[in-house]
Amino acid sequence: MYGDKLKVVQKEKVGNKCQTYLKVLYLNARSIRNKIDELTVQIITYGYDIVAITETWLQGDQDWELDIQGYSTIRRDRQEGKGGGVAMLIKQGITAIKRNDIGSKDQDNETIWVEIRNSKGKKAVVGVVYRPPNSCNSVGRSINQEIVGACNKGTAIIMGDFNSHIDWTNQVGHGSLEEEFIECIRDGFLEQYVTEPTRGQAVLDLVPCNETELLKNVLVKDPLGMSDHNMVEFHIQLEDERVGSQTSVLSLNKGDYDGMRAELLKMDWENKLKGRSVLDQWCIFKELFYNYQEKYIPLKKKGCKRNNSYLWLSKEIKQSIRLKRKLYKVAKSTGKIED
């Protein structure tokens, strides 16, 4: 069955139409814990709708590590040992449903599958995958089965670090597992969109998709922090819509705060929070608060303008991020780190 509904997409005005697309960022973080502030700056500066992360290195009750305002978070941590793990951040307002039916039942793969829909009901499965280096053949084959399963659902966009050394120009692998992966790509009628190296001289981070012309503006970017993998940015292109560029925000002056206060006062907080950690108590309160907020404070439409609600995100920090990106482009074009 399907998973949880996370609860339509970014719109850029083109002439008298509104071009509808999702702006996506994929990255291998090699531990997101010490890079979350820079990731937040990237998200705010470039307005990403979906962020997919491999090698999060998160475990257990560390939900607050990826608690970015305005985004829902899905995580799948490595169950045994350190490292690994995948996560997906999805902008609130995008219709997204976790697809638990695609994941393997026999293998604990580091994968997440989500179905997204636009306002006209067009659906696509979006997945993030991490295949650890030197993993056994059964892991690779199980991931391949998940990928084919996602493609069988219809439109599929997959991103991840597959640790596969493949000549994508000629579709030739360096081993039996790589050859099996190439066969999986063919079976799913997938096209692989990343053509530049993403770690050293290797193309390890991939973005396959099985619908022609769906992905646009694929760009290999600078790494996040000190990660040794480059980030990848792209657009999921959806059809045009003749609608205004608007978003929904809370209409605070029309909220029923008496009703909200009465609901909170009726709650048996002692039994609700008893025996739980401080972090669990905070998560319970936050979820209840957001539910009551949705119930008692109506929404209103307003034009889409970027709002910086992070007081620490100064003009100087934004300029530093842009300078880093500019210097990376220069170094990539000249092949000289000193540039």
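Scroll up a little and you will see the structure.
Residues numbered from 1 in each chain as written. Predicted model: local features only at pLDDT ≥ 70, side-chain atom pairs only at ≥ 80, totals over all residues. Heavy atoms only, no water.

Asker: Explain the overall build of the chain to me, and be specific about the residues and the numbers.
Answerer: Of the regular secondary structure elements, the chain holds 7 helices and 18 strands. Burial status across the chain gives 48% buried among its 339 residues. Total accessible area on the chain stands at roughly 18,300 Å², and carbon and sulfur atoms take up 49% of it. (Helix = DSSP H or I, 4+ residues; strand = E, 2+ residues; numbered from the N terminus. Buried < 20%, exposed > 50% of the residue type's maximum accessible area, 1.4 Å probe, protein only. Areas by Shrake-Rupley, 256 points an atom, 1.4 Å probe, with all protein chains shown as cover.)

Asker: So what's going on with the packing of aromatic side chains? Which residues, and what values?
Answerer: The tally for this structure, following the rule as stated, stands at 7 aromatic pairs. Look at Tyr46 and Tyr48: their rings are 6.1 Å apart centre to centre, the planes differ by 50°, and that puts the pair in the tilted class. The buried category is assigned to Tyr48, whose relative accessible area is 0%. The structure contains a cluster of three or more aromatic residues connected by ring pairs, namely Trp269, Trp282, Phe285, Phe289 and Tyr290. Over the face of the ring belonging to Tyr48 we find Lys23, whose NZ or CZ atom lies 5.5 Å from the ring centre. The ring centre of Tyr46 lies 4.2 Å from the NZ or CZ of Lys221, which sits over that ring. (Phe/Tyr/Trp six-rings, centres within 6.5 Å; stacked < 30°, edge-to-face > 60°. Lys NZ or Arg CZ within 6 Å of the ring centre and 35° of its normal.)

Asker: Any chance you could break down helix H4 (residues 257-266) for me, citing the residues and the numbers?
Answerer: Listing the buried residues of H4 in full gives Gly259, Met260 and Glu263. The buried residues of H4 occupy one face: seen down the axis, they fall within an arc of 100°. Exposed residues on H4 whose side chains face more than 90 degrees from its buried face are Asp258 and Leu265. Residues of H4 that are buried in the fold lie against helix H6 (278-296). (Arc of directions from axis to C-beta. Contact = heavy atoms within 4.5 Å.)

Asker: Could you give an account of the environment of Val125, naming the residues involved and the relevant values?
Answerer: As for its placement among the helices and strands, Val125 is situated in strand E8 (residues 123-130). The class for Val125 is buried, based on a relative accessible area of 3%. Placed 11 residues apart in sequence, Val125 and Val114 show a C-alpha to C-alpha distance of 5.6 Å. Discounting residues that sit within four places of it in the chain, Val125 has contacts with Ile102, Trp113, Val114, Glu115, Ala150, Lys153, Thr155, Ala156 and Ile157.

Asker: Lay out the pairing of strand E5 (residues 86-91) in plain terms, naming residues and giving numbers.
Answerer: When you tally the buried positions in E5, you get 5 out of 6 residues, the bulk of the element. As paired strands, strand E3 (residues 50-54) and E5 are joined by 5 bridges and run antiparallel to one another. Each bridged residue has a counterpart across the sheet, and for Ala52 the counterpart in E5 is Met88. Bridging between strand E4 (residues 71-76) and E5 involves 6 bridges; their strand directions are antiparallel. Bridged to Arg75 within E5 is Ala87. (Pairing = 2+ DSSP bridges.)

Asker: Break down the pairing of E3 for me, citing the residues and quoting the values.
Answerer: In terms of burial, E3 is largely enclosed, as 5 of its 5 residues are buried. A two-sided burial pattern is seen for E3, the buried positions comprising Ile50, Ala52 and Thr54 on one face and Val51 and Ile53 on the other.

Asker: Account for the packing of H4 against H6, naming residues and giving values.
Answerer: At a closest axis distance of 9 Å, the pairing of H4 and H6 adopts a crossing angle of 150°. Classified by the angle their axes make, H4 and H6 are roughly antiparallel. By crossing handedness, the relation of H4 to H6 is classed as right-handed. Of H6, the residues touching H4 (which contributes Gly259, Met260, Glu263 and Leu264) are Phe289, Tyr292, Gln293, Lys295 and Tyr296. Its residues assigned to classes, the contact of H4 with H6 shows 5 nonpolar, 2 polar and 2 charged. (Axes fitted to C-alpha atoms, helices over the stretch in contact; angles between N-to-C directions. Parallel < 35°, antiparallel > 145°, perpendicular 65-115°, else oblique. Left-handed = near helix turned anticlockwise from the far one by under 90°. Nonpolar A, V, L, I, M, F, W, Y, C, P; charged D, E, K, R; others polar.)

Asker: Tell me about the packing of helix H2 (residues 137-152) against helix H3 (residues 176-187), and please be specific about residues and values.
Answerer: Closest axis-to-axis distance for the H2/H3 pair is 9 Å, and the angle between their directions is 5°. Classified by the angle between their axes, H2 and H3 sit roughly parallel to one another. Every residue of H3 that contacts H2 at Asn137, Gly140, Arg141, Asn144, Ile147 and Val148 is listed here: Leu177, Glu180, Phe181, Cys184 and Asp187. When the residues that make up the contact of H2 with H3 are grouped by side-chain class, the tally is 5 nonpolar, 3 polar and 3 charged.

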